[in-house]
Amino acid sequence: MHGIVGRYATIDASRRDLPPSKLLLLLLVLMNGAAPIALYIFVPALPVLASDFSSDISVAQMTVSLYMVGLACSQLIMGPLSDRFGRRPVLLGGLALMVAASIGCIFAQTLPQLIALRFLQALGGASGMVISRAIIRDLYSRDRVGGMLSLVIAVMMIAQMLSPLAGGVIETAFGWRAIFYAVTAGAIIVAAAITLALPETSRRSGAPAAQRGGFRNDLRSLFGSHAFIGYVLCQVLASAIIFIFAGGGPYVVVTQMGRSSAEYGAWFASSGFAYLMGNLFCVKFSPRHSLDRLIWFGLSLQIAGAALNLVWGVLGWNQVPSWLFGTHMIIMFGNAAVMANAAAGAISIRPQAAGTASGLMGFTQFGFGSLCSQAGAWLGGHFATPLPLNIAIFGTALACASAMIFLVPRRNLIATEEMIEQAEEETLV
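It should be emphasised that the depicted structure is a prediction, and the values quoted were computed from it without experimental measurement. (Residues numbered from 1 in each chain as written. Predicted model: local features only at pLDDT ≥ 70, side-chain atom pairs only at ≥ 80, totals over all residues. Heavy atoms only, no water.)

### Overview of the overall build of the protein chain
Secondary structure assignment for the protein chain yields 18 helices and 0 strands. Each of the 429 residues in the protein chain was classed as buried or not, and the buried ones make up 54%. Nonlocal contacts in the protein chain, meaning residues at least 24 apart in sequence, comprise 85% of its contacts between residues at least 6 apart. Summed over all atoms, the accessible surface of the protein chain reaches about 17100 Å², with 70% contributed by carbon and sulfur. (Helix = DSSP H or I, 4+ residues; strand = E, 2+ residues; numbered from the N terminus. Buried < 20%, exposed > 50% of the residue type's maximum accessible area, 1.4 Å probe, protein only. Contact = heavy atoms within 4.5 Å. Areas by Shrake-Rupley, 256 points an atom, 1.4 Å probe, with all protein chains shown as cover.)

### Quick word on the packing of helix α8 (residues 142–174) against helix α9 (residues 177–197)
Two quantities define a packed helix pair, namely the angle between the axes and the distance from one axis to the other. Interaxial distance between α8 and α9 falls to 7 Å at its minimum, and their mutual angle equals 125 degrees. The orientation of α8 relative to α9 falls into the category oblique. Seen from above, α8 lies across α9 with right-handed handedness. Seen from α8, the contacting residues are Gly 167, Ile 170, Glu 171 and Phe 174; seen from α9, they are Ala 178, Ile 179 and Ala 182. (Axes fitted to C-alpha atoms, helices over the stretch in contact; angles between N-to-C directions. Parallel < 35°, antiparallel > 145°, perpendicular 65-115°, else oblique. Left-handed = near helix turned anticlockwise from the far one by under 90°.)

### Digging into the layout of surface pockets
Computed from the structure, the second largest pocket encloses a volume of approximately 330 Å³. Taken together, 16 residues form the lining of the second largest pocket, with Leu 30, Ala 34, Ile 37, Gly 186 and Val 190 sitting closest to its centre. (1 Å grid on protein atoms, 1.4 Å probe; cavity = no way out; pocket = protein on both sides within 12 Å on 5 of 7 lines; lining within 4 Å. Points joined across faces, edges and corners; volume = space filled by probe spheres on them.)

### Regarding the environment of Trp 267
Checked against the element boundaries, Trp 267 lands in helix α13 (residues 261–285). Residues Trp 267 and Val 253 lie 14 residues apart in sequence; the distance between their C-alpha atoms is 9.4 Å.

### As for the packing of aromatic side chains
A complete count under the given rule lists 14 aromatic pairs for this structure. Geometrically, the ring pair formed by Phe 243 and Phe 366 is edge-to-face, given 6.5 Å between the ring centres and 65 degrees between the ring planes. Of this pair, Phe 243 sits in helix α12 (residues 226–256) while Phe 366 sits in helix α16 (residues 354–381), placing them 123 residues apart in sequence. Phe 366 carries the same exposure label as Phe 243, and that label is buried. The interplanar angle of 85 degrees and the centroid separation of 5.2 Å between the aromatic rings of Trp 312 and Trp 323 together place this pair among those described as edge-to-face. With Trp 312 in helix α14 (residues 291–315) and Trp 323 in helix α15 (residues 321–346), the pair connects residues that are 11 residues apart, well separated along the chain. We classify Trp 312 as buried; its relative accessible area is 16%. Overall, Trp 323 belongs to the partly exposed group, its relative accessible area being 36%. Among the aromatic residues, those joined into a cluster by ring pairs are Phe 42, Phe 53, Trp 176 and Phe 180. The ring of Phe 85 is capped by Arg 84, whose NZ or CZ atom sits 5.0 Å from the centre of that ring. Above the ring of Phe 285, the side-chain terminus of Lys 284 is found at 6.0 Å from the ring centroid. (Phe/Tyr/Trp six-rings, centres within 6.5 Å; stacked < 30°, edge-to-face > 60°. Lys NZ or Arg CZ within 6 Å of the ring centre and 35° of its normal.)

Everything listed here is a matter of geometry and, on its own, says nothing about what the molecule does.
So this is what it looks like as structure tokens:
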């Protein structure tokens, strides 16, 4: 496969940064999309679930909210484990847990059982999210990672946007338990494909124990780097914009504007389309521009779109969805460039600890994102106009830029990374 020869944990440095094979791209998309698709495919079944178990919809919603908690916790665990034991065994172990939990969901007899099993399902499935980023960092140099992440996200988003529709069709035809039959089958297929076709990519897992370092050393090195903190804050704050709008958007469009939930869903799809286009933009331009330049380009669009949204709010123009979502599409296009390239920068600070860096970033993103989603819902549900929501998004966009301005010393960053990789190659190869 791409850039990997000989025994596991040996990467031919001269073959890095080659265009990905179709098989490699498919594997990365499958492992990265397993957990998100399992999340969104079940959402349409929540009203039926509450009815079947004679429970309140807010309790049924915990099958989603605790799933998000599982996604966050998993990344904090699976990332460091993949640095210590290798990408393959941790990934396969996580998928095995996802398969077992999905089978348990099929036969769950009570809602608390289902909620607990959904948490375990997320705990196992999220291993693919964190480890896919680490694998990309194993195979690509710093300025190519952002483009590869964007490519994987762009392909995955197509399936992710279709998953609620698929879940609704399955539930209508066969009942909500049938959704977990589909998720179980999908997880088994992903695990089988990885077992047969994905070699070990970590350059660290095959090294003697004395050369691998440890989790504490990795944490000390990462948190001691202003660049790592800056990139993580930039990525997390960029994702917070998505969570804020997703939390408050339904209240703004349905309650304040008096539109139907179906119309909100159609308008929300425009944001997903803009995010998809932003990722495709990064795929095209990442080979020619540094990731820092692409981040600044994305930040400029984020701030411009948020500022326009704020102006429309002050003038009272964004009381219809077209004004609100038109400027939000600008934000989401720039958001794609910021998130992918900031993530690439974060996992490139210490290449031999890419799994740990990816896990810390993912945990922070989902943990902070859940709070932002709640805040967005409160802002959307307690005011008569979208203006407070616009102010929150604009402030978050500025904070995202501040993270890059004050915390990322870009001088000598590339040189530092080159020295790290050179020392790593001399030690492990």
